Amino acid sequence: MTAETRNGSTRQGAEHFDVLIVGAGISGIGAAYHLTTECPGTSFVILEAQGSFGGTWLTHRYPGIRSDSDLYTFGYRFKPWTSAPIATAAEILAYLAEVIDENDLGPHIRYRHRISSARWSSTEKRWTLEATRLDSGEAVHITASFLWMCQGYYRHDQGYTPEWEGMKSFKGRIVHPQTWPEDLDYTGKRVVVIGSGATAATLIPAIAEDCGHVVLLQRSPTFYITGRNANQLADTLRELQIDERWIHEIVRRKVLYDQSVFTGRSFTEPETVKQELLAGVRFYLGPDYDVATHFTPSYRPWRQRIAFIPNGDLFQAIGAGKASVVTDEIDRFTENGVLLKSGKLLEADIVVTATGFNLNVLGDIDFTVDGAPLAFSDTVTFHGMMFTGVPNMAWVFGYLRAAWTLRADLVADFVCRLLKHMKNKGVGKVVPTLREEDKDMALLPWIDPQNFNPGYLMRGMHLLPKRGDKPEWQHLQDYWTEKDRLPAIDLDDRALAYE
Ligand SMILES: Cc1cc2nc3c(=O)[nH]c(=O)nc-3n(C[C@H](O)[C@H](O)[C@H](O)COP(=O)(O)OP(=O)(O)OC[C@H]3O[C@@H](n4cnc5c(N)ncnc54)[C@H](O)[C@@H]3O)c2cc1C
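Everything numeric here is computed off the predicted structure, so don't read it as measured data.

Each value, and the rule that gives it
Residues numbered from 1 in each chain as written. Predicted model: local features only at pLDDT ≥ 70, side-chain atom pairs only at ≥ 80, totals over all residues. Heavy atoms only, no water. Salt bridge = Lys/Arg side-chain N within 4 Å of Asp/Glu carboxyl O. Helix = DSSP H or I, 4+ residues; strand = E, 2+ residues; numbered from the N terminus. Buried < 20%, exposed > 50% of the residue type's maximum accessible area, 1.4 Å probe, protein only. 1 Å grid on protein atoms, 1.4 Å probe; cavity = no way out; pocket = protein on both sides within 12 Å on 5 of 7 lines; lining within 4 Å. Points joined across faces, edges and corners; volume = space filled by probe spheres on them. Nonpolar A, V, L, I, M, F, W, Y, C, P; charged D, E, K, R; others polar. Polar contact = N/O pair within 3.5 Å; in protein donor to acceptor, adjacent residues only side chain to side chain. Contact = heavy atoms within 4.5 Å. Pairing = 2+ DSSP bridges. Axes fitted to C-alpha atoms, helices over the stretch in contact; angles between N-to-C directions. Left-handed = near helix turned anticlockwise from the far one by under 90°. Near = heavy atom within 4 Å. Areas by Shrake-Rupley, 256 points an atom, 1.4 Å probe, with all protein chains shown as cover.

Peer 1: How should I be thinking about the pattern of salt bridges in this particular structure?
Peer 2: Tallied over the full model, the rule gives 31 salt bridges. Put simply, Glu102 and Lys79 hold a salt bridge, and the shortest N to O gap is 2.9 Å. Of the two residues, Glu102 is situated in helix α4 (residues 89–102) and Lys79 in the loop between α3 (71–74) and α4; the sequence distance between them amounts to 23 residues. Of the charged contacts, one joins Arg435 and Asp438 as a salt bridge, the two residues approaching to 2.7 Å between their closest N and O atoms. Exposure class is identical for Arg435 and Asp438. Each is buried. If you follow the salt bridges from partner to partner, you end up with Arg435, Glu437, Asp438, Lys470, Glu472, Asp493 and Arg494 in one network.

Quick look at the structure:
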């Protein structure tokens, strides 16, 4: 029953689905919702390595874990968000649980299934996936006509920690926020948090009250935006007893509009935007604080994600003397803490490395197409969703500057439209293919580093697909263009070859 066919793909007797979704994070659950509503009758399964749904929001358990996007846009288009805009991981998981229950998605999800390989056979027009059941160690083979990659962009089991000299000699504990130990007792302890991104900015106010003292140690400053964790328009509409579905749609549009104006201004008048952001910091820290050294980045706003600080809680912890900021470089670890290049020693009982992620391209899965190993860095992306030479596969890579899920919804609409188109055409294979006029096109990195350059992407850019400079082959990271462009993709363009 399990003999393999020539060309290494289909396993006879393997269960078959029209669509296989990789990952039960916010993208995978969204994909399943769209399939059930836009392509009823399509058989599908979600394979998820972890023991439950939620992806990022299940993995990260450090104190204070919360979104830094507002949930009116980070939530799905189709499911109203009814609470404060910035949400805890627990609230996001509860929201996802409702989506699963309301749409009966649970029976489609198989947890503790880690996919290790995916083999495409053009003869069979299907993928064969091999997964390991993490509870029993058993190998499972499943075939699928279409692969919907919702595996996110980073490795879930281990965060990124740079190697510093002397780390082994440090007598305290070194912790990465991605694998926060449940038993970590930081009461009264001296804590150094390395990094100044959203994770550090969330974690520090959450632990500051209980720690002896917590230091945010950064090599260079980051922009933050402060504000209330409330949406006035939503509150007003609720007072008027407007239907939650309307509130969701109206507030979403308003948030998106405001964000686009802000993003636009950070390109056209970066200095003014910079001063506005710094004024938000000064509001909490007062005129005597050294904002120039600790909170004034050298880059223009939006080249890196700007973390939202609800009610200025990070700055309040600094103002109260429970937390402080050190802007310096690490020379090495010592037995007692971290020695800085300036010669200063930061004594610590616990060091938290909020230093980012390990990029993982397409779920660390070994892909082959008709027996040939696939290197994604050799492919060119079709609208940041599909890849040249890779049949019947789409990847959800969301927005980095706006909410990820905005794009997950747009990609889902495209995939559902494509699946219906293939059904109507009576074809079983679609593969993005460079057209004659594209052959000399300049190939560019997946993301323009001049535009957006977080560390995990810079470290892994060589592993990612290329983009071109023509509309079909771009990966724009721009919701305002893509919201019109993706629904208008001509599915009969020669850039999509069908069989
Ligand atoms: C702490 C933190 C806060 C964030 N806050 C925001 C925010 O406020 N706004 C925003 O837009 N973005 C935010 N992001 C980015 C965030 O990761 C995405 O927005 C979004 O949650 C990604 O969802 P996803 O479903 O695409 O991927 P993930 O959440 O990464 O989920 C992918 C799932 O796929 C599974 N998987 C991967 N490979 C395999 C495999 N081989 N076999 C089986 N299963 C596999 C994983 O186990 C995981 O459960 C944040 C990220 C982090 C880490």
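Text resumes after the structure shown.
Peer 1: Explain empty space enclosed by the protein here, please?
Peer 2: Counting across every chain of the model gives 1 cavity of 30 Å³ or more. Quantified by volume, the largest cavity comes out at close to 40 Å³. Along the walls of the largest cavity sit Leu400, Arg401, Asn451, Phe452 and Gln477, which together make up its complete lining. When its residues are assigned to classes, the lining of the largest cavity shows 2 nonpolar, 2 polar and 1 charged.

Peer 1: How should the side chain of Thr42 be read in this particular structure?
Peer 2: By the secondary structure assignment, Thr42 is in the loop between α1 (26–38) and β2 (44–47). Looking at Thr42, its side chain comes within polar contact range of the main-chain oxygen of Cys39, at 2.7 Å. Excluding anything up to four places from it in sequence, Thr42 contacts Asp18, Val19 and Leu35.

Peer 1: What's the story with the pairing of strand β16 (residues 350–353) in this structure? I'm lost.
Peer 2: Residues in a regular strand point their side chains to alternate faces of the sheet. The alternating pattern of β16 places Ile350 and Val352 and Val351 and Thr353 on opposite faces, both of which are buried. Here 3 bridges tie strand β7 (residues 173–175) to β16, and the two strands are oriented parallel to one another. Within β16, the residue paired with Arg173 across the bridge is Ile350.

Peer 1: I tried to follow the packing of α1 against helix α11 (residues 404–425) on my own but got confused; where do I start?
Peer 2: For any two helices packed against each other, the geometry is given by the interaxial angle and the distance between the axes. Between α1 and α11, the shortest axis-to-axis distance is 9 Å and the interhelical angle comes to 40 degrees. Here α1 runs over α11; the crossing is right-handed. Contacts from Ile26, Ser27, His34, Leu35 and Glu38 of α1 reach α11 at Trp404, Thr405, Ala408, Asp409, Ala412, Asp413, Cys416, Leu419 and Lys420. Looking at the contact of α1 with α11, its residues break down into 7 nonpolar, 3 polar and 4 charged.

Peer 1: What is the right way to read the site of the ligand from this model?
Peer 2: Ser27, Glu48, Asp68, Ser69 and His156 are the nearest of the 34 residues found near the ligand. Separating an oxygen atom of the ligand from a side-chain N or O atom of Gln50 is a distance of 3.5 Å. Measuring from a nitrogen atom of the ligand, one finds a backbone N or O atom of Gly363 at 3.0 Å. Look at the ligand: alone it shows 980 Å² of surface, and the protein chains cover 95% of it. Among the elements of the structure, α1, α2 (56–59) and β4 (113–121) are those that each provide at least two residues to the shell around the ligand.

Peer 1: What is the right way to look at the sheet that holds strand β15 (residues 345–347) in this model?
Peer 2: Strand pairing in a sheet relies on backbone hydrogen bonds. The paired strands run either parallel or antiparallel. The 3 strands are arranged β13-β14-β15 in an open sheet whose pairing can be described as antiparallel. Looking at which strands have only one partner, the edges of the open sheet turn out to be β13 (330–333) and β15. Within this sheet the neighbouring strands show an average axis-to-axis angle of 25 degrees, counted without direction. When strand β14 (residues 337–340) meets β15, the two strands line up antiparallel, connected through 3 bridges. The partner of Gly337 across the bridge, within β15, is Glu347.

Coordinates in, geometry out; function isn't part of it.
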